[in-house]
Amino acid sequence: MRPRFLIFAPVFGTVFGALALGLMATNLQAQDLAHRPDTAGFAGVVQPFIRDHCVSCHGPEKQKGKLRLDTLANNFADPLVASKWAEVVNSVNGHEMPPEDEKQPPAERAGKFADWLAAELGRAEIAKRSTRVVLRRMNRAEYDNTIRDLVGVDFRPSEKFPEDPPAGGFDNIGQALSISPMQVELYYAAARQILDRALVEGPQPAAIKWRFEPEENTEGGDRYRVKRDGNNILLNDGENSTENGFTVVHHESWNKGIGFRGFNLAEEGEYVIRFRAAGRVPARAAVVASARAILEKRRDDETAKNPKDKVYHDQQFERDLKHYETHRSYDYGPPRVKLSQHLGGTPRVLGEMDIDAPETAPKTYEIRASFTKQNAGVELQYAYSVPRSLENFWMQGKDEFARPLLLVDWIELEGPLHPQWPPASHRRVLFDSLLKDKDEKAYAREVLTRFMSRAYRRPARVEEVEAKLVLFEKLRAEKPSFVEAIKVPLAAVLASPHFLYLVEPEAPAAQPRKLNGYELATRLSYFLWSSMPDEELFRLAANGELLKPAVLGQQATRMIADPKNEAFVKNFAGQWLGLRKVGANPPAKNLYPEYDRHLEISIVRETEGFFAEILRRDLDARNLLKSDFVTINERLARFYGIPGVKGDAIRRVPAPPESHRGGIVTQASIQSITSNGTRTSPVVRGTWILKTLLGSDPGLPVANVGEIASKVPGIDKATVRQRLQIHREAAACARCHDKIDPLGLAMENYNAAGEWRDREGHGYEGRIDANDPIIDASAKMPDGTEFKGVEGLQAQLLKKEDLFLNALASQLYTYGLGRELGFSDRPAVRASVEAMKRNRYLVRALLLTIVQSDLFTTK
Amino acid sequence: MNPLFHTPLSRRTVLRGLGASLALPFLEAMLPRSVYAAPSTFKPLAKAGAKPTPRVIFCYVSNGVNIIDWVPTTKGTEYELSPTLQTLKEHRSNFSVLTGLGHPHATGGHSGADTWLTGADLRAVPGKDYTNTISADQLIAEKIGAQTRFPSLEIGDLSGTGAALHSHTLSFDRNGTPLPTENNPQRLFERLFVPDDAASREATLKRYAEKRSILDDVLGEAKALDKKLGKADQAKLGEYLASVRETELRVQRQVDWIDVPKAKVESAGLQLNSKPGDAHDRPMWLDVMLEISYLAFLTDTTRVITFEWAREAGGYGPGGENHHELSHHGGDAGMLKKLAGVDRAYLERLNRFLTFLKSTEEGGRSMLDHTMVVYGSGMNSGERGDHSPKNLPLLVAGGGAWGLKHGQHLAHDEKAHPPLANVLLTVTQKMGVETDKFQDATGTLTGLA
């Protein structure tokens with residue numbers, strides 16, 4: 001059995017010591033291209049340990065398991081030798097070796113031995129990496145954006161593509177982006193679909209505009225039909241009441257949805273769904289009053305049944321009422337709507353939105369959706385979630401209970417939408433030309449030349465165009481029209497390696513060469529936009545201006561300010577910080593009732609918005625670690641207990657100190673992805689900080705050590721901290737966990753959903769009772785550094801700003817180059833960080849030095 | 001809140017009037033007023049028409065099981081069914097319980113579905129965060145898939161492929177690329193059994209010819225590009241070249257099948273509108289997907305199926321339970337009891353499927369004797385709510401005609417056990433694939449065959 005590798009150097013041992021900066025930032029020279037053995041360490045650490053603890057079984061006399069260690073070379077560059085050393089590390093870390101009945105090394109000594117070996121394995125591994133950018137396939141996001149910019153249709157054709165395999169934490173790494181026959185099939189099918197949507201023939205299809213008044217349904221529920229253009233449509237007003245022509249929805253339930261279904265549209269294409277609606281939001285006093293009425297009735301009914309228990313019923317009443325008076329959940333926001341589409345039996349959520357219009361001024365809301373000719377339906381559901389906590393779960397569905405009410409006037413479906421005919425996508429590809437009606441073949445050549453020069457992101461060569469023209473002519477005769485025939489070579493363009501890959505040809509074995517203007521424009525646009533270059537970049541590529549560093553810098557600045565830069569925030573920050581994992585392992589509903597879909601969407605938007613704010617407003621990058629502001633919406637403001645924020649848009653607001661928010665580590669997104677759905681995981685949180693913010697990977701645990709114990713003997717309410725302590729008592733575990741866990745334990749005040757807490761709940765369904773243990777968020781690192789709570793952690797992180805900035809710069813380089821970094825890249829990373837520090841610590845300054853670096857501008 | 005089941009016009013009524021093979025699309029009037037699916041009224045056939053061939057279905061349940069109630073306390077052929085396995089008692093002589101097994105490279109957590117049929121070391125390739133390898137079903141499909149219209153089927157409760165380490169599919173091709181699953185019963189049924197428009201034969205052939213022209217063209221372009229590239233780039237482009245060539249071969253295969261009509265199948269009783277993500281519909285959805293699998297085998301439409309019943313971590317139990325939360329039971333007796341309930345409810349679905357296979361006669365034996373059913377999870381929540389890849393819950397049913405031995409508990413020491421790949425190799429061989437290698441298999445599993 002092969003061991004699991006501890007691939008990366010565990011520099012965490014020294015993170016809070018003096019050595020760390022040396023290793024990360026200053027010790028390495030540019031000529032450190034190959035791995036050079038550390039002979040002093042080998043002689044000082046490894047050999048004595050082997051002599052004392054291994055050689056009796058793995059030496060000249062015996063070679064148990066066919067392994068001899070006294071002669072195993074200090075040559076980590078050799079994969080076979082390295083794999084044997086890796087096995088040694090794992091068996092020592094896993095307490096398998098030396099065997100139980102042999103003399104045991106002191107834990108500290110074994111730790112030093114294993115750490116040295118792991119560090120060498122990591123160094124050798126990084127030295128082996130290619131530091132050339134390799135031919136890189138577009139990933140899913142890049143494919144969608146490129147199609148949008150190239151063809152002008154925006155409908156996420158990559159939805160059916162498999163996930164792209166990541167490397168180094170990112171899914172745009174050329175080496176890892178493989179391709180399979182199935183993907184070729186999918187690229188081909190997508191190409192046909194894209195062209196069918198983009199290119200049209202004949203007159204503009206007739207548009208429909210259907211409006212439905214739900215209250216027209218006099219029978220109630222899902223049993224009333226209306227006719228529209230030959231369709232016999234089921235119009236459902238849900239089991240709801242009606243006021244002044246508005247359908248009033250009180251809460252979400254299977255029988256409360258409003259919608260229309262069972263129709264087939266005559267034309268496929270993009271449609272708009274509109275609805276006119278408003279909300280009626282009860283104030284806290286009204287909520288308490290409604291709760292009081294229901295609770296009083298229950299109390300009185302119970303007391304009538306069991307008069308001798310009156311005192312308990314009274315107590316229960318007071319307790320429950322207090323909940324409605326004090327819990328933040330009853331400071332309601334506006335009602336919310338989830339709009340879904342059904343196509344051919346498959347439901348799909350189109351979007352969610354707050355209904356922020358007051359009853360006095362209802363508004364029209366809209367969302368766009370693609371429809372096919374399949375049997376279709378549209379459903380509008382109430383989506384405001386009042387947490388189902390113990391006190392309210394039985395009365396949530398009662399109409400008397402005050403909740404945000406959704407009032408819907410009408411729903412409308414209009415389309416297919418064609419602001420012009422033929423549509424813009426058609427005109428872009430099949431543009432007007434003098435040749436258009438004169439010479440079909442010459443026009444086809446013109447169309448292909450222009451399309452290929454954009455699809456291949458460089459001028460198309462004559463022979464490439466002629467080859468496609470052959471395809472056109474070959475199929476022209478059997479096609480009913482020019483449009484149908486030209487789709488064939490165009491589909492071939494979209495299946496071509498020149499389109500699917502970012503191609504940068506190189507002379508074999510040549511030294512790195514400067515990229516030409518087109519290649520540079522392409523790298524730049526896939527870095528900052530996750531898409532192809534625009535006209536301006538193509539122009540500057542053609543005249544060579546882009547190769548001037550000043551122009552390159554101006555372009556990067558322009559691109560960061562462009563809305564397309566949103567893709568960079570989503571793809572870079574989303575993967576660097578792990579936001580794509582939000583919701584993969586969500587906090588359990590019964591334990592964390594406030595974690596709902598709206599919160600989940602909001603916590604991702606918070607972190608993206610935070611990164612974008614710092615990037616675009618030119619704020620000091622250290623704000624990422626600690627900031628005096630947060631980027632939140634009303635939903636998050638309620639969750640975080642920050643008053644005065646109204647509306648669903650993420651915006652920057654000052655963070656009051658008592659909110660304990662401000663900085664990435666205080667954000668619910670990070671708290672929730674570093675928990676396991678039922679409880680916090682200080683280990684995962686510590687690892688996350690080491691990897692993401694400090695740039696050192698503590699590696700995988702040596703073996704599956706299992707879940708921490710649910711109960712600790714002798715302790716009535718054992719906290720996660722105490723349960724973890726048991727686990728760490730094993731010396732082998734402690735060696736690593738002493739360096740990891742304190743970082744995570746400092747964040748214990750945030751629960752698994754990211755909510756602030758002072759005590760760890762041990763009551764029914766995780767509720768906090770009066771005597772539950774107070775959170776201990778103190779931390780002590782192996783070097784003796786002590787700190788407390790998230791504020792203490794942030795102060796420590798700020799002291800390590802160089803580690804953080806190096807980590808950030810390394811991640812940006814990795815993402816920008818589309819390859820993992822090697823040792824030889826480190827001086828460049830360091831130089832970029834220095835330049836950034838000279839320039840007010842701006843993320844934008846860091847980005848500019850990256851795009852102007854030799855690494856970025858050469859192949 | 002109990003939804004009422006309305007009685008809409010039954011599908012059978014409609015089909016009688018229209019002729020059995022014309023099944024879909026469905027008429028609005030047939031939809032029950034409630035949006036929920038009704039329990040299935042599907043009945044298996046007494047006799048199958050096709051020539052008996054080996055078939056296999058791999059069924060995966062997520063989040064492990066209550067292992068305490070799952071593992072029988074006694075071994076061998078005289079073993080006593082465990083409380084959970086009692087659910088399958090009527091099929092006792094037709095399945096084996098395998099315990100103590102696992103993939104040596106598996107890392108636990110919720111990556112079980114990623115490696116269940118591949119046995120891969122997902123972090124084996126330096127420079128990549130994740131690489132998978134071919135799954136057993138695809139190895140089989142590569143060898144025998146050409147004999148059926150669909151070389152294999154992939155079914156899952158969330159469609160698509162999902163994310164690395166939280167895979168929505170059990171199937172991975174030769175390059176380790178995940179193959180997307182289908183979760184919509186209606187779409188699956190249409191794909192398998194609803195005939196293509198007969199008039200479109202010529203059009204279809206033209207479409208294939210056109211596709212080949214395009215593939216030829218891009219292949220030419222790639223070859224020209226290859227000459228301009230350095231070594232590392234050439235290796236990447238090599239993947240593209242190989243994939244395009246393989247795609248051309250597949251087009252040829254599709255052409256070969258074009259004149260063979262799809263099997264005619266009645267959709268009577270099938271709840272094709274069941275939704276996998278709906279707590280109420282879960283059992284119906286599992287049933288209908290297994291019914292379609294049964295029909296696909298019966299008609300020799302495919303011989304290889306993978307079916308991920310629920311995705312790891314977020315997945316629902318058969319009744320919509322929060323299965324993942326229960327898997328973190330921490331040894332809590334109440335949660336373990338609920339977990340065992342989920343396990344039994346799942347096994348009831350399996351039991352029903354086995355009964356279908358058993359009750360259908362095929363060449364003098366039952367269909368079950370010709371069909372291998374591998375059922376289990378890639379995770380073990382242990383006695384404390386671990387997420388371990390060792391001592392996985394696993395059972396193999398059917399395939400008696402090909403020499404699989406049943407009615408036994410094959411217990412292994414979880415510290416020194418043969419790799420799980422040995423089970424996969426056994427099945428692969430019984431499917432008629434001549435190989436003695438699969439992943440880290442050391443041979444077939446002793447005692448199973």
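A few points on the structure. (Residues numbered from 1 in each chain as written. Chains lettered and ligands numbered in written order. Predicted model: local features only at pLDDT ≥ 70, side-chain atom pairs only at ≥ 80, totals over all residues.)

### Some details on the overall build of chain A
Counted only if it meets this: Numbering of helices and strands starts at the N terminus; helices are DSSP runs of H or I of at least 4 residues and strands are runs of E of at least 2. In this treatment the radius of gyration is a C-alpha quantity, and the globule benchmark scales as 2.2 Å times the residue count to the 0.38 power. The burial criterion counts other C-beta atoms lying within 10 Å of a residue's C-beta, which is placed from the backbone; the residue is buried at 20 or more, exposed at 12 or fewer, and partly exposed between these limits. Distance between backbone-placed C-beta atoms decides contact: two residues are in contact if it is within 7 Å.
Check the secondary structure of chain A and you find 28 helices and 18 strands. Taking 859 residues into account, the globule formula puts the C-alpha radius of gyration at 29 Å, and chain A, at 32 Å, falls close to it. Along the three orthogonal principal directions, the C-alpha set of chain A runs to about 100 × 90 × 50 Å. Expressed as a percentage of its 859 residues, the buried residues of chain A come to 46%. Restricting to contacts in chain A with at least 6 residues of sequence separation, those with at least 24 account for 70%.

### Here we look at the overall build of chain B
Helix and strand counts for chain B stand at 12 helices and 11 strands. Relative to the 2.2 N^0.38 estimate, which gives 22 Å for 449 residues, the radius of gyration of chain B is 22 Å and therefore close to what a compact globule would have. In terms of its C-alpha atoms, chain B occupies a principal-axis envelope of roughly 65 × 65 × 45 Å. Taken over 449 residues, chain B has a buried fraction of 53%. Considering only intrachain contacts with a sequence separation of at least 6, the fraction spanning at least 24 residues in chain B is 71%.

### Observations regarding the environment of L448 of chain A
Tracing the chain through its elements places L448 of chain A in helix α10 (residues 440-455). Ignoring any residue separated from it by four or fewer positions in sequence, one finds L448 of chain A in contact with V465, K468, L469 and P489 of chain A.

### What to know about the pairing of strand β11 (residues 408-411) of chain B
Residues and elements named next belong to chain B. Formally: In this analysis, strands are considered paired if DSSP registers two or more bridges between them.
Going residue by residue along β11, you find Q408 and L410 tucked away on one face and H409 and A411 tucked away on the opposite face as well. Taken together, the four bridges between strand β2 (residues 95-99) and β11 define a ladder with parallel strand orientation. Considered in β11, the bridge of V97 is made with H409.

### Thoughts on the sheet that holds strand β4 (residues 231-236) of chain A
Paired through their backbone hydrogen bonds, the strands of a sheet run either parallel or antiparallel. All names here are of chain A. Filter applied, for reference: Each axis is a line fitted through C-alpha atoms, taken for helices only over the stretch in contact, and angles between the N-to-C directions span 0 to 180 degrees.
Taking strand neighbours across the sheet as the criterion, the six strands line up as β3-β4-β7-β12-β9-β10 in an open arrangement whose pairing is antiparallel. The outermost strands of the open sheet, each flanked by one partner alone, are β3 (225-228) and β10 (346-354). Ignoring which end each strand starts from, the neighbouring axes of this sheet average 25° apart. Relative to β4, β3 runs antiparallel, the two being bridged by four bridges. The residue bridging K227 from the neighbouring strand is N232, located in β4.

### Some thoughts on the interface of chain A and chain B
The condition is simple: Classification used: nonpolar for Ala, Val, Leu, Ile, Met, Phe, Trp, Tyr, Cys and Pro, charged for Asp, Glu, Lys and Arg, polar for all others including Gly.
Facing 66 residues of chain A, the contacting portion of chain B comprises 67 residues. Mapped by element, the contributors of at least two residues to the side of chain A that touches chain B are α4 (107-128), α6 (181-198), α11 (462-476), α12 (482-495) and α13 (497-500) of chain A. A per-element tally of the side of chain A that touches chain B places α6 of chain A first, with six residues. For the side of chain A that touches chain B, the residue count by class is 29 nonpolar, 21 polar and 16 charged.

### Let's talk about helix α27 (residues 843-852) of chain A
All names here are of chain A. Along α27, eight of the 10 residues are buried, which leaves the element largely enclosed by surrounding structure. Looking at α27, one finds that the buried residues are V843, R844, L846, L847, L848, T849, I850 and V851. Where α27 is buried, its residues touch α14 (517-528), α16 (549-561), α18 (597-616), α25 (801-817), α26 (826-838) and α28 (854-857).

### What to know about the nonpolar core
Residue and element names in this part refer to chain A. Here is the rule: Joining buried Ala, Val, Leu, Ile, Met, Phe, Trp, Tyr and Cys residues through C-beta atoms within 7 Å gives a set, and that set is a nonpolar core.
Counting 154 residues, the largest nonpolar core has A191, I194, A491, L494, A495, A746 and F804 as the members making the most contacts within it. A total of 10 residues in this core trace back to one element, the largest contributor, which is α25. When neighbours within four sequence positions are excluded, F804 is seen to be in contact with L625, L693, L694 and L797.

### Focus on the sheet that holds strand β6 (residues 304-308) of chain B
All names here are of chain B. Across the sheet, which stays open at both edges, the seven strands sit in the order β3-β6-β1-β9-β10-β2-β11 with mixed pairing between neighbours. Pairing within the sheet leaves two strands with one partner each, and these edge strands are β3 (153-156) and β11. Neighbouring strand axes in the sheet, compared pairwise and without regard to direction, differ in orientation by 15° on average. Bridge analysis of β3 against β6 gives four bridges, and the strand direction is parallel. If you follow I155 over to β6, its bridge partner there is F307. Set on the sheet, helix α8 (residues 282-298) makes contact with β1 (55-60), β3, β6 and β9 (371-376); between it and β6 the angle comes to about 175°. Together, β1, β2, β9 and β10 (394-397) form the strand contacts of helix α12 (residues 421-430), whose direction differs from that of β9 by roughly 165°.

### Re unusual backbone geometry
Residues and elements named next belong to chain A. Here the amide bond leading from G415 into P416 is cis, since omega sits at -5°, within 30 degrees of zero. Relative to the helices and strands, P416 resides in the loop between β13 (405-415) and α9 (424-429). Following W421, the chain continues to P422 via a peptide bond in cis, the omega torsion being -10°. Along the chain, the position of P422 falls in the loop between β13 and α9. In this structure, R840 is a non-glycine residue whose phi angle is positive, near 60°.

### Quick word on the pairing of strand β8 (residues 269-280) of chain A
Residues and elements named next belong to chain A. In this structure, β8 lies alongside strand β11 (residues 363-371), joined through nine bridges in antiparallel fashion. Its bridge partner being in β11, E270 is matched across the sheet by S370. Pairing of β8 with β13 involves nine bridges; the strand directions are antiparallel. By the bridge assignment for β13, V272 is matched with E414.

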